[in-house]
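Here are the chains, one letter per residue:
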Amino acid sequence: MDFLSDFLTRFLAQLQSPTLGFLIGGIVVASLGSQLAIPDAAYKFIVFMLLMKVGLTGGQGIRESNLGEILLPALFAVTMGILIVFIGRYTLCKLPKVKTEDGLATAGLFGAVSGSTLAAALTLLESQGITYEPWAAALYPFMDIPALVTAIVLASIYTKKQKYLSKRENPSTRQEYLSQQRGTASNRVKIWPIVKESLQGSALTALLLGLALGLVTKPESVYESFYSPLFSGLLSVLMLIMGMEAAARLGELRKVGQWYALYAFIAPLLHGLIAFGLGMIAHYVTGFSLGGVVILAVIAASSSDISGPPTLRAGIPSANPSAYIGSSTAVGTPVAIALGIPIFMGLAQALMGS
Amino acid sequence: MDFLSDFLTRFLAQLQSPTLGFLIGGIVVASLGSQLAIPDAAYKFIVFMLLMKVGLTGGQGIRESNLGEILLPALFAVTMGILIVFIGRYTLCKLPKVKTEDGLATAGLFGAVSGSTLAAALTLLESQGITYEPWAAALYPFMDIPALVTAIVLASIYTKKQKYLSKRENPSTRQEYLSQQRGTASNRVKIWPIVKESLQGSALTALLLGLALGLVTKPESVYESFYSPLFSGLLSVLMLIMGMEAAARLGELRKVGQWYALYAFIAPLLHGLIAFGLGMIAHYVTGFSLGGVVILAVIAASSSDISGPPTLRAGIPSANPSAYIGSSTAVGTPVAIALGIPIFMGLAQALMGS
Amino acid sequence: MDFLSDFLTRFLAQLQSPTLGFLIGGIVVASLGSQLAIPDAAYKFIVFMLLMKVGLTGGQGIRESNLGEILLPALFAVTMGILIVFIGRYTLCKLPKVKTEDGLATAGLFGAVSGSTLAAALTLLESQGITYEPWAAALYPFMDIPALVTAIVLASIYTKKQKYLSKRENPSTRQEYLSQQRGTASNRVKIWPIVKESLQGSALTALLLGLALGLVTKPESVYESFYSPLFSGLLSVLMLIMGMEAAARLGELRKVGQWYALYAFIAPLLHGLIAFGLGMIAHYVTGFSLGGVVILAVIAASSSDISGPPTLRAGIPSANPSAYIGSSTAVGTPVAIALGIPIFMGLAQALMGS
C-alpha cells in the first residue's frame, strides 16, 4: 500500500519534468496545426551531440570500472533484443490484417534502441539523484544489434518458406524449381552485413566513437565545457521535435490499423517490465545498481527512431515502412518516454525506499 | 536641459552594445559584398531558441504575478495594433505611387511584432539593469494579431469596394453582377482563420509554447543551463543576420520607391513614441514598470519579420511582397533596433533619474 | 639530448588532447564506412562561430597592444605567403605528371591559411598555458592573401607564356596572333580583384568582422557567455568533420597521384619550420612571444579549406580542384594539426625550458 502510493506520487511528479513537458508540448502544438518546425540540420546535430555525450560519459566511466560487472547486464540486453522479436512474432504477427513481414519489422524496431529515449532517461535519473554505472549506456548495442539481426533473419526464413510452399503447390516449371533450390543455399541470410550496417549507422557510430574517445583520450575539457552542460537543453529541443513527429505520424499509423496501435502501446511497457525483472536479478547477483536496472528497462522499452529504420528497410524490403515507423514514432516512443520512464523510475525509487 | 543631455549620453552609450554592433556589422559586410552567410537552418533554430526563452521567462513570471496588472497594458497593445494600421491607411496609402493594398500590407507588417527586436530590447534592458514585469513579453500577441487582422480586413473591404465600383460603371452582364452580389455576402472576411493562422505561425507558436511550459512545468533546469545563458550570444548572431538581410533587401525597397523608405524610417519611431505615451499612462495608473513601458514601445516600433509575411501573403494576395518585406526588413527593423530601442531606453532612464 | 627527450614527451602528450582525438576519430569512422554525418549547416555555423571568436579575441587584444610589435611578424607572414608559392613552383611543379597550373594552385592553397587549424592551435596553446599576443590571430590575412595572389599571378604568367610559345611554333593565322598580342595587354592579371575576393570570402569576413567588433564595440558580455565557452567544444566537432572529410577525399587524391601526397605530407612541416625560424628572429629582435612563434608556424603549416578553394577556382580555372583540394584536405590539414602543431608546441616548450 505504502509502496503503491509512493510509486504513484513519484510517477506524477515526473510528468512535470521539462523533458516530458516538451514532448507533450510538441504533440499538442503539432495536433493544433502549428507551422513550428525545427530545421532538420538542427535535429541531426542535436542527436549527434546527445549520443556523443552519452558515449563520452560511458567511455570515461569504463576506464574506472570493473569490466566483470558488465557481463550479466550485457547478456540480459542480448536476451531482451532477441526475446522482443520472438514476442512480436507470436503476438503482433498473429493478429488479423497484420502481414508477417510488417509485424517482424515492427518487432525488430521495438527491440532496437532509441538514443533519444536513453538520453531522456539519463537526464531524469540525474535530476532525481539516482546513481547508475557510467557504462550502463554502453548496453545499447548489446540489445540493438541482436534485435535487428533476429528480425531480419526471421523475416528471411519466413519469406523463403512461403516461396517454397507456393512453388510446391504450383511449380511452374521444373527448371524454376531447381533454380529456387540452389537459391535457398546461396541466399542464406548473412548476419555479418546486418551487424556491420547497424554499427555503421549514424547513431551507433556517434555512441561508440564517444565511448572510444572517452576511453582513449582525455576529453574532460570539452566534456565539461560543452557536451555535458548543453545536454539537458538540447534534449528538451529533441523531445519537442519527437512530440511533433509523433503527432505527424499518427495519420500513417491510422492507415495500417488499430492492431499496430495496440501493440505499440503495450509493447514498450511489457518489454520494459521484463527487462526490469532481469535487471533485478543482476541487482541481487552482481550488485547492478537500481539506476542501471532502470536503464536496462528503458532501452528495452524504447524503439529505434534514427538508425533502425534504414537497416530494416534494407533487410526486410517487403515490409511496409508506414507500419513500423508509424507504430514506433507515433505511439511507441511517446509511451516509452512519458509512461515507461516514470514507471521504471517510480519502481526503482519505491524499491530503494523499501 | 539636464534631461536632454542625460538622454543623449545614454543614447550614445547604447550604440556600443554588442547587440547593435552586430547589426551594424552585418549591414556593413553585406554592403561590401561579403560572401559571409549564416545557414538558414541556424537562423531558424536561433529564432526558435530566442522565442522559447522569452516565452519561458514570461511563463515562469506569470506564475508569480497578479494577472490584473496585465489588463491595461494588454488593452493598450491591442489599441496600438489597430491604430498603427489606420495610421498607415491614412498616411502611406495616400502617398503618390503607393497602391492601397501594398500600403495596407506594409502597415499591417509594421503593426505586427518582431520577436528578434523584442529579444534585442530584453537583452539591452537586462544589461542596463532596468527591471520589467516578466509577463511583459506576453504582450506580443495582443498587438501582433489585431494588427494583421485589421490590415487584412481593411484590404478586403477596399478590394470589394473597388470591384463594386468598377462593376457599376460597366456591368458586363446582369448574370455576373448578381453573382458578384452573392459573392459579397459569402466572401465576407472571416476573422477567425486570420487569428488562427497567426497563432499557428512558427514565431507565435514558439512564444506561446514557451509561456505554457513556463507556466505548467518546472523548466528551471533547462532554462538555467541552456536557454538563458545562450540567449545574448544567439541574439548577437541573429542581429548579424538581420543586418546582412537589411542590406540585401535595400535593392527591393529601391524598386518600390522612396515613399516606402520614408514611411519605414518614420513609422517605427512614431509608433514607439505613441506606445511609450500609452505605457506611461499605465505607469501612473497601475504602476506598470518603466522597463515594461520600453517593451510596449519596442513591440509597437518593431515590424514582423518571421511570421507576419506569410500571413499577409495569404491574406492580401494582391499586395506586392517586395513593398512590405523590403520596407520592414531593410529599413523598419534596423531603425527600430538601432534608433528606437536606444531612444526609448534613454527616455525611461532619464525619467527614472528625474 | 635533454631537449630532444623533453620535446618527445610533450609531443606524445599532445596526441591525447581531445582536439587531435576527434580528428583521428573522424578519420577512423569514415574509413570504416560509417554513415555518421554532421549537417553542412552545422559545419558552416561552427566555422563562423570559431572565426568570430578568434576575431573578437584579437580585436579586444589589439585595443591594449602596442601596434609597433605587429610589424615584424606581419612582414614575416607576408614573406611566408609568397615564399610558400615559390617553393611549390620549384618543387611540386617540377615533379613528373604534375601539371604546372595544378601545382601552383596546390601551392597557393598551402600558402593560404586555415581558420580551423588556427583555432585548434589556439585551443592547444591555452590548454598548455602557453601565452601569446592576442593579436597573433590577426596575422592570418597577412599570409593568406599574398599566397593566393602570388599563385594566381604566377599561373597567369605561365599560361600566357605557354600560349605565346605554342603560337610562335604554329601561328594559325596572323589575325589570331595579333588579337593574342592585344589580349596579353588587356588581360594583365589584376591584383585588386583577387585581394577583394579573398577579403569577401566567408572565412576572412568572419575573422575581420570579429576583429572590428572586438576593437570598436564592447563585446565582453556575449564573448564571455557564448563565443568563448563554446569554442573548444565546437572545435572538437569541427575536428571530427575534418577527419571524416580527410578520409573521404583520399580517393580524389589517389586519382591525381602520389607526388601530391608526398608534397602534402612534407610541405606543412617544412613551411611551419621555416616560419618558426622567422618567428624566432622576431622573438629575439622585438620580443615576439614563443606562443606567437607557434601561431606563425601553424598558419604557415596550415592549408586553406574554406575560403581558398573558391578563390583559386575562379583565379586558376584550368587547374584541377581534385588535385589541390584533395592534397590539402586529405593530407595537408591532418598533418598540420596532428603532427605540425604538436611539433611546434613541443619545440616552443623545450625552448622555454632551456
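Everything here concerns the structure above.
So, here is what we can say about the structure in this document.

So, how was this worked out
- Residues numbered from 1 in each chain as written.
- Chains lettered and ligands numbered in written order.
- Predicted model: local features only at pLDDT ≥ 70, side-chain atom pairs only at ≥ 80, totals over all residues.
- Heavy atoms only, no water.
- Least-squares fit on C-alpha atoms with pLDDT ≥ 70 in both.
- Contact = heavy atoms within 4.5 Å.
- Helix = DSSP H or I, 4+ residues; strand = E, 2+ residues; numbered from the N terminus.
- Buried area = accessible area lost by both parts, 1.4 Å probe.
- Salt bridge = Lys/Arg side-chain N within 4 Å of Asp/Glu carboxyl O.
- Nonpolar A, V, L, I, M, F, W, Y, C, P; charged D, E, K, R; others polar.
- Phe/Tyr/Trp six-rings, centres within 6.5 Å; stacked < 30°, edge-to-face > 60°.
- Lys NZ or Arg CZ within 6 Å of the ring centre and 35° of its normal.
- Buried < 20%, exposed > 50% of the residue type's maximum accessible area, 1.4 Å probe, protein only.
- Axes fitted to C-alpha atoms, helices over the stretch in contact; angles between N-to-C directions.
- Parallel < 35°, antiparallel > 145°, perpendicular 65-115°, else oblique.
- Left-handed = near helix turned anticlockwise from the far one by under 90°.

Take the relation of the copies chain A and chain B next. With an RMSD of 0.1 Å, chain A superimposes on chain B once it is rotated by 120° and translated 0.1 Å along the axis. Interpreted geometrically, this transformation is the action of a three-fold axis. Relative to the rotation axis, the C-alpha of Ala41 of chain A is the closest in chain A, positioned 3.7 Å from it. Little of the interface of chain A is mirrored in chain B, where only 8% of its interface residues again form contacts.

This brings us to unusual backbone geometry. The phi torsion at Lys97 of chain A lies on the positive side, around 65°, for a residue other than glycine. With respect to the helices and strands, the residue Lys97 of chain A is situated in the loop between α4 (71-90) and α5 (100-111).

After a rotation of 120° and a shift along the axis of 0.1 Å, chain A superposes on chain C with an RMSD of 0.0 Å. Counting the interface residues of chain A, we find that no more than 9% of their copies in chain C are interface residues as well, pointing to two distinct contact surfaces.

Interface extent is often summarised as the accessible area lost during association of the parts. Across the contact, 24 residues belong to chain A and 22 residues belong to chain B. At the boundary of chain A with chain B, total buried surface from both sides reaches about 1,900 Å², with 74% on carbon and sulfur atoms. Sorting the residues of chain A by area buried against chain B places Gln16, Phe22 and Leu36 of chain A first, and these three jointly supply 27% of that buried surface. Linking chain A with chain B are zero salt bridges, by the criterion used here. At the level of elements, α2 (18-31), α3 (40-63) and α11 (220-256) of chain A are the ones that each hand at least two residues to the side of chain A that touches chain B. Here the side of chain A that touches chain B gets eight residues from one element, more than from any other, and that element is α11 of chain A. Here the residues of the side of chain A that touches chain B are counted per class, giving 15 nonpolar, nine polar and no charged.

Right, let's talk about the packing of aromatic side chains for a bit. All names here are of chain A. The final tally for this structure, using the stated rule, is 15 aromatic pairs over all chains. For the pair Phe110 and Tyr263, a centre-to-centre distance of 5.2 Å together with 65° between the ring planes defines the contact as edge-to-face. With a gap of 153 residues between them, Phe110 in helix α5 and Tyr263 in helix α12 (residues 258-286) connect regions that are remote in the sequence. Over the face of the ring belonging to Phe231 we find Lys53, whose NZ or CZ atom lies 4.3 Å from the ring centre.

So, on to the pattern of salt bridges. Residues and elements named next belong to chain A. All told, the structure shown has 13 salt bridges over all chains when counted by the stated rule. One salt bridge connects Glu220 with Arg63, and the closest N-O pair in it is separated by 3.4 Å. Taken as a pair, Glu220 in helix α11 and Arg63 in helix α3 lie far apart in primary sequence, 157 residues in all. On the accessibility criterion, Arg63 (36% relative accessible area) is partly exposed. If you follow the salt bridges from partner to partner, you end up with Glu245, Arg249 and Glu252 in one network.

For the rest of this paragraph, the subject is the packing of helix α14 (residues 308-315) of chain C against helix α15 (residues 321-353) of chain C. Residue and element names in this part refer to chain C. Taken N-terminus to C-terminus, the directions of α14 and α15 make an angle of 160°; their axes are 11 Å apart at the nearest point. On the basis of the axis angle, α14 is roughly antiparallel to α15. As for how α14 packs across α15, the hand of that crossing is right-handed. Residues Pro309, Leu312 and Arg313 of α14 pack against Pro321, Tyr324 and Ile325 of α15. Along the lines of polarity and charge, the residues of the contact of α14 with α15 split into five nonpolar, no polar and one charged.

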